[in-house]
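# Residue-level structural notes
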Amino acid sequence: MSGEGPLRVAVLASGNGSNLQALIDGPHERGTIELVGVASDKPGATALERAGRAGVATSVFPRDDYADRTARDLAIAAWLEGLGVELVVLAGYMQLLSGEFIRSFSNRIVNVHPALLPSFAGLDAVGQAVAHGVRVTGVTVHFVDEGVDTGPILLQEAVELTYTRPMEAVMDEIHAVEHRLLPHAVELIAAGRVSIDPENPRLVRIEGA
Ligand code: GRF
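Residues numbered from 1 in each chain as written. Predicted model: local features only at pLDDT ≥ 70, side-chain atom pairs only at ≥ 80, totals over all residues. Heavy atoms only, no water.

## Some details on the site of the ligand
Convention followed: Each residue is tested against the molecule or strand, and it is near if at least one of its non-hydrogen atoms lies within 4 Å. A 3.5 Å cut-off defines polar contacts: any pair of N or O atoms within that distance qualifies, except that in protein one atom must be a possible hydrogen donor and the other a possible acceptor, and neighbouring residues in sequence count only when both atoms are side-chain atoms. Here the Shrake-Rupley method, with its probe set to 1.4 Å, supplies the accessible areas, and only the displayed protein chains count as covering residues. Only protein atoms enter the 1 Å grid used here, on which a cavity is any set of points holding a 1.4 Å probe that cannot leave and a pocket is any open set flanked by protein within 12 Å on both sides along at least five of seven lines; residues with an atom within 4 Å of a point are listed as lining. Placement in a cavity or pocket follows one criterion, namely that more than half of the molecule's atoms lie within 2 Å of its grid points. Going along the chain from the N terminus, every DSSP run of H or I of four or more residues is numbered as a helix, and every run of E of two or more is numbered as a strand. Residue polarity follows a fixed list, in which Ala, Val, Leu, Ile, Met, Phe, Trp, Tyr, Cys and Pro are nonpolar, Asp, Glu, Lys and Arg are charged, and the others, Gly among them, are polar.
If you check the shell around the ligand, you find N16, G17, S18, N19, G92, V112, H113, P114, H175 and E178 and nothing else. For the ligand, an oxygen atom lies 2.8 Å from a polar atom in the backbone of G17. Contact distances for the ligand include 2.3 Å between an oxygen atom and a side-chain N or O atom of E178. Contact with the protein chains removes 83% of the 370 Å² of surface that the ligand exposes when unbound. The site holding the ligand turns out to be the largest pocket. Counting residues per element, the ones that place at least two in the shell around the ligand are α1 (18–30), β5 (109–113) and α6 (167–190). In terms of residue class, the shell around the ligand is made up of 2 nonpolar, 7 polar and 1 charged.

## Some remarks on the pairing of strand β6 (residues 136–143)
Rules: Burial classes: relative accessible area under 20% of the type maximum marks a residue as buried, over 50% as exposed, and values in between as partly exposed (1.4 Å probe, protein chains only). Think of it this way: DSSP has to see at least two bridges between two strands before they count as a pair.
Counting buried residues in β6 gives 7 out of 8 residues, a clear majority hidden from the surface. With 4 bridges joining them, β5 and β6 adopt antiparallel strand pairing. By the bridge assignment for β6, V112 is matched with V141. Sheet topology note: the β6/strand β7 (residues 153–160) ladder contains 7 bridges and is antiparallel. Bridging across to β7, V136 finds its partner in E160.

## Some words on helix α5 (residues 125–132)
To keep things clear, this is the line we draw: Only heavy atoms enter the contact rule, under which two residues are in contact if any of them lie within 4.5 Å.
Taken together, the buried positions of α5 are A125, V126, G127 and A129. Residues of α5 that are buried sit in contact with β5, β6 and α6. With its phi angle positive at about 80°, G133 sits one or two positions after the end of α5.

## What about unusual backbone geometry?
Omega for the peptide link from L117 to P118 comes to 10°, which places this bond in the cis form. Inspection of the secondary structure assignment puts P118 in the loop between β5 and α5. Within the chain, D124 stands out as a residue other than glycine whose phi angle is a positive 50°. Inspection of the secondary structure puts D124 in the loop between β5 and α5.

If you want it as structure tokens, here you go:
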């Protein structure tokens, strides 16, 4: 996927940006990727401060500044293309992306989701899992298609739940797994080891795994 130099990566984030920080402290610092931009729909997102501290370009695309989602996403896509972005990472980005955006970065967008998909897609996945009483939940990194959390799965890791475990402790463990799994997934892509199976586009091949 990468041309000359490390893979050029951008992150879209709406909130805290702890996953962004894991990408900054891991692959970006190691030079296995170059984080070239962070965009948000929220002007006050902590993720933007984290990017600023790391010297990464930022931009804000508030939904209300555009006629509709398609117009807003066209502006984001133009910004990303101007930065020469090769991979887009959704890390707590709380907006649905338009079909046009997803098609223009086909198989070049990944998302981190705090559950073992296809269980507990959508919002508050950790709350859904705890409320359902599952014994095992986890984290998924997947490619983004036009559905909600439905794209081909790249990596998953399980987290066991016990009945007595407080929600906060579950959240902490899920986040710790995310902060390992997402950088690992991005580095696998950067190393050119990831491809979608041409025979079955649901399946993601990882060379050497
Ligand atoms: C993470 O739990 C991620 O799985 C979900 O949104 C959360 C973002 O957290 N999509 P942060 O902003 O990276 O701290």
